[in-house]
Structure formats: structure tokens, C-alpha cells
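The primary structure of each chain is shown beneath.
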Amino acid sequence: MGRDYSHIARRCERAVVTAYRELRDLGQPDMVAFQACTTLYRVHHPESSVTEARRLVAEWVDHHIVRGSSEPAPGCEC
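Here the structure is a predicted model, which means the values were calculated and not measured.

How each quantity is defined
Residues numbered from 1 in each chain as written. Predicted model: local features only at pLDDT ≥ 70, side-chain atom pairs only at ≥ 80, totals over all residues. Heavy atoms only, no water. Helix = DSSP H or I, 4+ residues; strand = E, 2+ residues; numbered from the N terminus. Buried < 20%, exposed > 50% of the residue type's maximum accessible area, 1.4 Å probe, protein only. Contact = heavy atoms within 4.5 Å. Areas by Shrake-Rupley, 256 points an atom, 1.4 Å probe, with all protein chains shown as cover. pLDDT = per-residue confidence, 0-100. Salt bridge = Lys/Arg side-chain N within 4 Å of Asp/Glu carboxyl O.

Student: Please clarify how the overall build of the chain should be interpreted in this entry.
Tutor: Regarding its fold elements, the chain presents three helices and zero strands. Reading the chain from its N end, one meets helices and strands in the order α-α-α. For the chain, buried positions account for 33% of its 78 residues. A sequence separation of at least 24 residues applies to 46% of the contacts in the chain between residues at least 6 apart. Summed over all atoms, the accessible surface of the chain reaches about 4700 Å², with 55% contributed by carbon and sulfur.

Shown next as C-alpha cells:
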């Protein structure tokens, strides 16, 4: 089983990181997982532009998955 991301306080950030990890664990390509997570973020934040959603999802994936950091990442405050 994958890494536990319950330490992430913000709900949308935790949802995005967990979804990305689970999609990749199921064998989905990086871009498919990234696009799905961008859509997921925009469900939580419909006021967000696609560009903003892509930027945040990329930052969160890099921060939590690529770098493996448990520190807070920049982003929304929900």
C-alpha cells in the first residue's frame, strides 16, 4: 500500500495528493493522473482557473510525492 497522507491538513490538497498516488499505483500514466487531479481540484474550487489548478497540483505532487516532504506546501487554505 502507498504512503499515508493524513498529515496534510488541507482537505483539497490531501484529496489531490491521495488521488494522484492511487491513480499512479493503479498504473495510470503521469499525465492522466495529473489531469484527473487538476479536475478534482477544480471540483473543490470551481472559481480557480485551469492554469492555477495545474500550478497547485504540480506543486503539491512535487512537494509530497516527488520530494516526499511532510511539511506544509503552498496553496489554498481550505
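Student: Sorry, what's going on with the environment of V16 here?
Tutor: Within the secondary structure layout, V16 lies in helix α1 (residues 11-25). Exposure remark for V16: the relative accessible area of 0% places this residue in the buried category. Sequence spacing of V16 and T39 is 23 residues, and the spatial spacing of their C-alpha atoms is 9.4 Å. Each residue touching V16, except ones within four places of it in the same chain, is listed here: C37, L40, Y41, V57 and W60.

Student: Explain the confidence of the model for the chain here, please?
Tutor: One rule of thumb: low pLDDT means the predicted coordinates there are not for detailed reading. With 86% of its residues at a pLDDT of 70 or more, the chain shows a mean pLDDT of 86. Mean pLDDT across the secondary structure elements of the chain bottoms out at α1, with 91, and peaks at helix α2 (residues 30-44), with 95.

Student: I'm lost on the pattern of salt bridges in this one. Help?
Tutor: This model, assessed by the stated rule, comprises four salt bridges. R21 is paired through a salt bridge with E22; the nearest N and O atoms lie 3.2 Å apart. E59 serves as the salt-bridge partner of R55, at 3.0 Å between the closest nitrogen and oxygen. Here R55 pairs with E59, and both are found in helix α3 (residues 50-66), just four residues apart, close to one helical turn. One continuous salt-bridge network, built from bridges that share partners, spans R21, E22 and D25.

Student: Could you clarify how one ought to interpret the environment of R24 in this entry?
Tutor: Within the secondary structure, R24 is located in helix α1. Residue R24 is classed as partly exposed on the basis of its relative accessible area of 38%. Spatially, the C-alpha atoms of R24 and F34 are 9.5 Å apart, while their sequence positions differ by 10 residues. Contact partners of R24, with chain neighbours within four places excluded, come to P29, D30 and A33.

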